[in-house]
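So the chains spell out like this:
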Amino acid sequence: MKIATYNVNGIASRLPRLLEWLEGSRPDVACLQELKTATETFPASALQAAGYEAVWVGQKSFNGVAILVRGGAPIERIRVLPGDPDDTHSRYIEAEVGGLVVASIYLPNGNPQPGPKFDYKLAWFERLIRHADTLMQEGRPVVLAGDYNVVPTDEDIYSTKSWLDDALLQPQSRQAYQQLLAQGWLDAVRHRHPGERIYTFWDYMRNRWPRDAGLRIDHLLLSPGAASRLVDAGVDRDERGKERASDHAPAWIVLR
DNA sequence: ATGACATTTGCAAAATGA
């Protein structure tokens, strides 16, 4: 069973790329982020024609998350991260898929920092940590996949020089990520490729893709029950080099 | 403090996000 996470950076403008990738990489489950379209304008029929049923929650212009399942349908559990009734951002959706619990996560970017956007990021992260704990208590196999907007360590970036003040590298962001992992989650891609330079995001600006100046910020976290079934993990880097590509590449795992 | 890029809005240049 192949499960992928892909920040598409606008599903409307990226639909041809997305469909090509689905056909080529053939994930059984695809968690998408940054749909950047309203719930009503999600291209469900185009995805259905490609063999995928979906659950999604959108929002005009930004955010938006979805879970796609090939040859089956995800059963939605929740479409709001618990803990703040005033939060209007579409950043979380969770579904049951073939005995697994799968979440598609778009954690706030948090720039500029310090400031209200960074405060929102950390508060959102705390809510995620609380909710992840309740999922862990359920004792079922869980995959938390998405754009975490956190570079976990200096090994996960080409160079920290231009990014030291960025929200993605702040000690508070990294501590929150470590706090989440400490509950018992496994960072699947890093686990399968210790010591390797692996990136999932290359900024459009400053020639960062041609220079391979990347960051690893898209992660698949596995509960122990899912981790024991892990057989492979990787990143479809080539997607980033295509015409009108997202600034992210898909990351994926294979579970037994 | 600004702009580097990509896209949308709305039909030019500005705003938005990251």
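In this convention, every chain numbers its residues from 1, walking through the sequence in written order. Chain letters start at A and ligand numbers start at 1, both assigned in the order the entries are written. Local features in a predicted model are, by the rule used here, given only for residues with pLDDT of at least 70; side-chain atom pairs are given and counted only at 80 or more, and totals for whole chains, interfaces and linings are based on all residues. Side-chain calculation: all heavy atoms of the structure are included, whereas hydrogens and water are not.

**Some details on the layout of surface pockets**
Here a cavity denotes grid points, spaced 1 Å and computed from the protein atoms alone, that fit a 1.4 Å probe unable to get out, and a pocket denotes an open set having protein on both sides within 12 Å along at least 5 of 7 lines; residues with an atom within 4 Å of a point are the lining. Grid points are joined across faces, edges and corners, and a volume is the space filled by probe spheres set on the points. In this structure, the largest pocket occupies an estimated 440 Å³ of space. The wall of the largest pocket is formed by 20 residues, among which Asn109, Trp163, Phe201, Asp203 and Asp247 lie closest to the centre. The wall of the second largest pocket is formed by 13 residues, among which Phe62, Arg91, Asn109, Gly110 and Lys117 lie closest to the centre. Here the residues of the lining of the second largest pocket are counted per class, giving four nonpolar, five polar and four charged. We call Asp, Glu, Lys and Arg charged. Ala, Val, Leu, Ile, Met, Phe, Trp, Tyr, Cys and Pro are nonpolar, and the rest, Gly among them, are polar.

**Looking at the protein's contact with DNA strand B**
DNA strand B sits among Ser13, Arg14, Glu34, Lys60, Tyr106, Asn109, Phe201, Tyr204, Met205, Arg206 and Arg244. Whether a residue is near a molecule or strand depends on its heavy atoms: if one lies within 4 Å, it is near. Expressed as a percentage, the sugar and phosphate content of the atoms of DNA strand B within 4 Å of the protein is 65%. Definition of a polar contact: a pair of N or O atoms within 3.5 Å, with one able to donate and the other able to accept a hydrogen when the atoms are protein atoms, and with sequence-neighbouring residues admitted only if both atoms are side-chain atoms. Side-chain polar atom of lysine 60 to a phosphate oxygen of DNA strand B: 3.0 Å apart, as the coordinates give it. In terms of residue class, the surface near DNA strand B is made up of four nonpolar, two polar and five charged.

**Side note on the pairing of strand β12 (residues 251-255)**
Two faces, one strand: in a regular strand the side chains alternate between the faces of the sheet. The rule is simple: take the accessible area with a 1.4 Å probe, protein chains only, and divide by the maximum for that residue type; under 20% is buried, over 50% is exposed, in between is partly exposed. Each helix is a run of H or I in the DSSP string that is no shorter than four residues. Each strand is a run of E no shorter than two, and both are numbered from the N terminus. For β12, the buried fraction is high: four of the five residues fall into the buried class. Should DSSP find at least two bridges between two strands, the strands are regarded as paired. The pairing of strand β1 (residues 2-7) with β12 spans four bridges and is antiparallel. Looking at β12, one finds that lysine 2 is bridged to valine 254. Of the strand pairs in this sheet, strand β11 (residues 230-235) and β12 are connected by five bridges, and their pairing is antiparallel. Considered in β12, the bridge of valine 235 is made with alanine 251.

**Regarding the nonpolar core**
Membership of the largest hydrophobic core comes to 31 residues, with the highest contact counts inside it found for Ile3, Ile67, Val143, Leu220, Leu222, Ile253 and Leu255. The nonpolar core is taken to be a set of buried Ala, Val, Leu, Ile, Met, Phe, Trp, Tyr and Cys residues, with the residues joined through side-chain atoms within 4.5 Å. Core analysis: the second largest hydrophobic core is formed by 23 residues, Phe125, Ala132, Val142 and Leu144 among them.

**Topic: helix α4 (residues 171-181)**
Residues of α4 that are buried include every one of Ser173, Arg174, Ala176, Tyr177, Leu180 and Leu181, and no others. One side of α4 carries all its buried residues, which in axial view fall inside an arc of 160°. Here, two residues are considered to be in contact whenever any of their heavy atoms come within 4.5 Å of each other. Buried residues belonging to α4 abut α3 (116-138), β9 (186-187) and β10 (218-222). Directions from the helix axis toward the C-beta atoms define the arc.

**As for the side chain of glutamate 94**
Relative to the elements of secondary structure, glutamate 94 occurs in strand β6 (residues 92-97). Residue class for glutamate 94 comes out buried when judged on its relative accessible area of 2%. Engagement of the side chain of glutamate 94 in a polar contact is seen with the side chain of arginine 77, the distance being 2.7 Å. Those residues within four positions of glutamate 94 in sequence are excluded, and the remaining contacts are Ile67, Ile75, Glu76, Arg77, Ile78, Val101, Val102, Ala103, His131 and Leu135.

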